[in-house]
Amino acid sequence: QAVPGIAKSASASRVARHSQPPHIMMHGGGACDAPGGYAGAYSAGGAGGQYSGQGGFQGAGAGFGGAGGTNFQTSGIQTGYQTGGTGMLPAGAAGADLDCTATTCASAGCMAIGESSMNLVGQGQGEYIAETTYRYVGLGQGDLTVTAPRTVLWGRILGLLALLGLGGGALALLMMPQGTTTTSLMQSAGPLLQNAPADVPETTEPPTTTTTTTAPTGECTYWGDPHSKTFDGARPSFYGDGEYYIVTSDTVTIQGRFKGTKYTAGLAATNKVAVGGAFLNGHVITVPCLEGGDIEVDGVPVLTTFPSTYHVPGGGMITYSEEGKLVDGATDQWEKRIVNMHLPKGVHFQVFRWSNYLDFRLIMQRQENQDGTCGNFNGNPSDDSTEAIYERIGDRVPKGKLLFDDRTTVGFTETEKKLLDLCEAKVLSEARAQCSKMLEDREDDSDVDMSSCMLDMCFGANEHVLKMAKSLGFVDEDELHD
């Protein structure tokens, strides 16, 4: 006849530590090694065995005990409880509870039909009682159903931790493996962990991107006597003779020689330009008006034929041709001689050579610490006035910074004197004070230099001074066209 198998369930509850030696208490009676019943007692010697047996549930490894004691210390017991080949037989008379301590149980009565339980208690490392119960299931010999321990204990522990204020830190300590110590509490955590998501997505940082900010590109133009438009769109004017910074910066330097002509009644127009600075590796390019001589690089004439092309040592190219859009449409009637400089750092300098003056268009990216008569290129046209530029960088290129071979002779015509006499007293006084300071710094304090500087301070905001002078009769039209 088929014999029912048994099923095991386990649970754990906390008990207080005590000093009794570890032992196993079997309830329900019956001989430990009766035929067909339990053959041998409980095993926990050496590394400890879990359940060893013939046809029931068997295994090796860390079980309820281990050498030196773990949470349930049962060292000294020799063999595990094992089920014989036929499982639990309903034979024998009920007997008294047996106390199996350090050796296998002696033969006693057979186990009565019904449930049996085993309590593990003792000193050891743990503070729990493991209760194992068995019930009949299925048919055959030794069919087993393992019922996982209830996990209600976790809810109680968590509630207790919350009350004690230990919170998540204490829970983390409970869940952390404790070396070689293994308890049934950790076994009961298994179902909880198994219910957790199998794959938790990793939190990844967004990809690091590098943003490169490109400096803005702008255009500055000069034409006529001279009219100008800065990178920021302001319209300052510079009427006195001398050498000015068109652009000064950490790497790019462009200077202009402004000089009066008889066609402008002595009011300055651009006469010559020079390009240099670190971006050209120390080379200097100079372009004069047609009456001023040859185009030169480092003092050596280049582009002596028309049209022609020249490659600048260290980088850059210069072409000399008729190609280019005019800055001043009124010059369309004349033969074009246009110099296009394509230089490092995106600098494109286009110079229109006329008989006794130059027009130019400068296209470039903003440079570090940039300033000059083309403005500081900061997006604010209001600080590109003649007076503001002078306050920042002075009225002329200082001594020792000149890209030209020499300075021009500063002139001051009768027309310019009459204009200066029209300057308001307060403005003239402020102009005199500021110009005196600037001339002192560059060791040039002649009366002509002072007058030239003051003329700029008085009329730098007026881009039509020549027209005003003509309207006031300060200019003889016949002389202008002689």
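Whatever comes next refers back to the structure up there.
Keep in mind it's a predicted model, so treat the numbers as computed, not measured. (Residues numbered from 1 in each chain as written. Predicted model: local features only at pLDDT ≥ 70, side-chain atom pairs only at ≥ 80, totals over all residues. Heavy atoms only, no water.)

**Concerning the overall build of the chain**
Turning to step 1, where the next piece is worked out: If you tally the helices and strands in the chain, you get ten helices and 19 strands.
Turning to step 2, where the next piece is worked out: When the 482 residues of the chain are sorted by exposure, 44% land in the buried category.
Turning to step 3, where the next piece is worked out: For the chain, restricting intrachain contacts to residue pairs at least 6 apart in sequence, the fraction spanning at least 24 positions comes to 63%.
Turning to step 4, where the next piece is worked out: Summed over all atoms, the accessible surface of the chain reaches about 24400 Å², with 52% contributed by carbon and sulfur. (Helix = DSSP H or I, 4+ residues; strand = E, 2+ residues; numbered from the N terminus. Buried < 20%, exposed > 50% of the residue type's maximum accessible area, 1.4 Å probe, protein only. Contact = heavy atoms within 4.5 Å. Areas by Shrake-Rupley, 256 points an atom, 1.4 Å probe, with all protein chains shown as cover.)

**Observations regarding the pairing of strand β18 (residues 347-353)**
Turning to step 1, where the next piece is worked out: Counting buried positions along β18 yields six of seven residues, so the element is predominantly enclosed.
Turning to step 2, where the next piece is worked out: By the bridge criterion, six bridges tie strand β17 (residues 338-343) to β18 in an arrangement that is antiparallel. Each bridged residue has a counterpart across the sheet, and for L343 the counterpart in β18 is V347.
Turning to step 3, where the next piece is worked out: Linkage of β17 to β18, two consecutive antiparallel strands, is achieved through a turn of three residues, within which K345 is found at a positive phi near 65°.
Turning to step 4, where the next piece is worked out: Adjacent in sequence and paired antiparallel, β18 and strand β19 (residues 358-365) are bridged by four residues. (Pairing = 2+ DSSP bridges.)

**Section: the packing of aromatic side chains**
In this description, a pair of aromatic rings is defined by centroid distance and the angle of the planes.
Turning to step 1, where the next piece is worked out: Evaluation of the coordinates by the stated rule reveals ten aromatic pairs.
Turning to step 2, where the next piece is worked out: Taken together, a centroid distance of 5.6 Å and an interplanar angle of 65° make the contact between W334 and W354 edge-to-face. You can see W334 sitting in the loop between β16 (317-321) and β17 and its partner W354 sitting in the loop between β18 and β19, a full 20 residues away along the chain.
Turning to step 3, where the next piece is worked out: A relative accessible area of 41% means that W334 is categorised as partly exposed.
Turning to step 4, where the next piece is worked out: With centroids separated by 5.4 Å and ring planes inclined at 75°, the aromatic side chains of F349 and F360 adopt a geometry described as edge-to-face. Separated by eleven residues along the polypeptide, F349 in strand β18 and F360 in strand β19 bring together distant segments of the chain.
Turning to step 5, where the next piece is worked out: Here F360 falls in the buried class, since its relative accessible area comes to 0%.
Turning to step 6, where the next piece is worked out: Aromatic rings pair up to connect Y222, F238, Y244, F258, F349, F360 and Y390 into one cluster.
Turning to step 7, where the next piece is worked out: Across from the ring centre of F306, 3.8 Å away, lies the NZ or CZ of R337, which sits over that ring. (Phe/Tyr/Trp six-rings, centres within 6.5 Å; stacked < 30°, edge-to-face > 60°. Lys NZ or Arg CZ within 6 Å of the ring centre and 35° of its normal.)

**Focus on unusual backbone geometry**
Trans peptide bonds make up most of the peptide bonds, and negative phi angles are found at most residues other than glycine.
Turning to step 1, where the next piece is worked out: Along the chain, F306 connects to P307 via a cis peptide bond; the corresponding omega equals -10°.
Turning to step 2, where the next piece is worked out: Tracing the backbone shows P307 in the loop between β14 (300-302) and β15 (308-311).
Turning to step 3, where the next piece is worked out: Phi at N281 takes a positive value of approximately 55°, unusual for a residue other than glycine.
Turning to step 4, where the next piece is worked out: Tracing the backbone through its elements, the reader meets N281 in the loop between β11 (268-276) and β12 (285-288).
Turning to step 5, where the next piece is worked out: Its identity is not glycine, yet L303 carries a phi of approximately 55°, on the positive side.
Turning to step 6, where the next piece is worked out: Topologically, L303 is positioned in the loop between β14 and β15.
Turning to step 7, where the next piece is worked out: Looking at L303, the relative accessible area reads 10%, which means it is buried.

**Here's the deal with the environment of T230**
Turning to step 1, where the next piece is worked out: Its place among the elements puts T230 in the loop between β8 (227-229) and β9 (242-248).
Turning to step 2, where the next piece is worked out: Separated by 147 residues in the primary sequence, T230 and F377 place their C-alpha atoms 7.8 Å from one another.
Turning to step 3, where the next piece is worked out: Leave out the neighbours within four places in its chain, and T230 touches E219, C220, P236, T373, C374, G375 and D384.
Turning to step 4, where the next piece is worked out: A polar side-chain atom of T230 sits 3.0 Å from a polar atom in the side chain of D384. (Polar contact = N/O pair within 3.5 Å; in protein donor to acceptor, adjacent residues only side chain to side chain.)

**Overview of the pairing of β15**
Turning to step 1, where the next piece is worked out: Judged from the four bridges that link them, β15 and β16 form a sheet pairing that is antiparallel. Bridging across to β16, T309 finds its partner in T319.

**Focus: the packing of helix α5 (residues 386-393) against helix α8 (residues 447-459)**
Turning to step 1, where the next piece is worked out: Look at α5 against α8: their axes get within 8 Å of each other, and the N-to-C directions meet at 130°. Classed by the angle they form, the pair α5 and α8 counts as oblique. Together, T386, E387 and Y390 of α5 and C453, D456 and M457 of α8 make up the contact between the two elements.
Turning to step 2, where the next piece is worked out: Split into classes, the residues belonging to the contact of α5 with α8 amount to three nonpolar, one polar and two charged. (Axes fitted to C-alpha atoms, helices over the stretch in contact; angles between N-to-C directions. Parallel < 35°, antiparallel > 145°, perpendicular 65-115°, else oblique. Nonpolar A, V, L, I, M, F, W, Y, C, P; charged D, E, K, R; others polar.)

**Describing the state of the cysteines**
Should the sulfur atoms of two cysteines be covalently bonded, the bond is a disulfide.
Turning to step 1, where the next piece is worked out: On inspection of all chains with the given rule, the structure shows three disulfides.
Turning to step 2, where the next piece is worked out: Two residues, C423 and C458, share a disulfide whose sulfurs are 2.1 Å apart. Disulfide C423 to C458: torsion about the S-S bond roughly -80°, handedness left-handed. Of this pair, C423 sits in the loop between α6 (414-421) and α7 (425-441) while C458 is found in helix α8, placing the two residues 35 residues apart along the sequence. C458 shares its class with C423; the two are buried.
Turning to step 3, where the next piece is worked out: Paired through a disulfide, C435 and C453 show a sulfur-sulfur distance of 2.0 Å. Between C435 and C453, the S-S torsion sits near -85°, and that sign places the bridge as left-handed. With C435 in helix α7 and C453 in helix α8, this residue pair connects regions lying 18 residues apart in the sequence. C453 shares its class with C435; the two are buried. (Disulfide = S-S within 2.5 Å.)

**Concerning α5**
An α-helical segment advances 3.6 residues per turn. Residues three or four places apart therefore align on the same side.
Turning to step 1, where the next piece is worked out: Residues T386, A388, I389 and Y390 constitute the buried set of α5.
Turning to step 2, where the next piece is worked out: Positive phi appears at G394, one or two residues downstream of α5, with a value of about 90°.

**Notes on the sheet that holds strand β7 (residues 217-223)**
In any sheet, the strands associate via hydrogen bonds between backbone groups, in a parallel or an antiparallel arrangement.
Turning to step 1, where the next piece is worked out: Here we have seven strands laid out as an open sheet, ordered β8-β7-β19-β18-β17-β16-β15, and antiparallel in their pairing. Two strands in the sheet have a free side with no partner beyond their single neighbour: β8 and β15. Here the strands of the sheet are splayed against their neighbours by 10° on average, with no regard to which way each runs.

**Concerning the pattern of salt bridges**
Turning to step 1, where the next piece is worked out: Scanning the model with the defined rule gives twelve salt bridges in all.
Turning to step 2, where the next piece is worked out: E243 is the partner of R407 in a salt bridge, and the nearest nitrogen-oxygen pair spans 3.7 Å. Of this pair, R407 sits in the loop between α5 and α6 while E243 is found in strand β9, placing the two residues 164 residues apart along the sequence.
Turning to step 3, where the next piece is worked out: Exposure remark for E243: the relative accessible area of 2% places this residue in the buried category.
Turning to step 4, where the next piece is worked out: Several salt bridges converge on common partners, so that one network encompasses E243, R257, D406 and R407. (Salt bridge = Lys/Arg side-chain N within 4 Å of Asp/Glu carboxyl O.)

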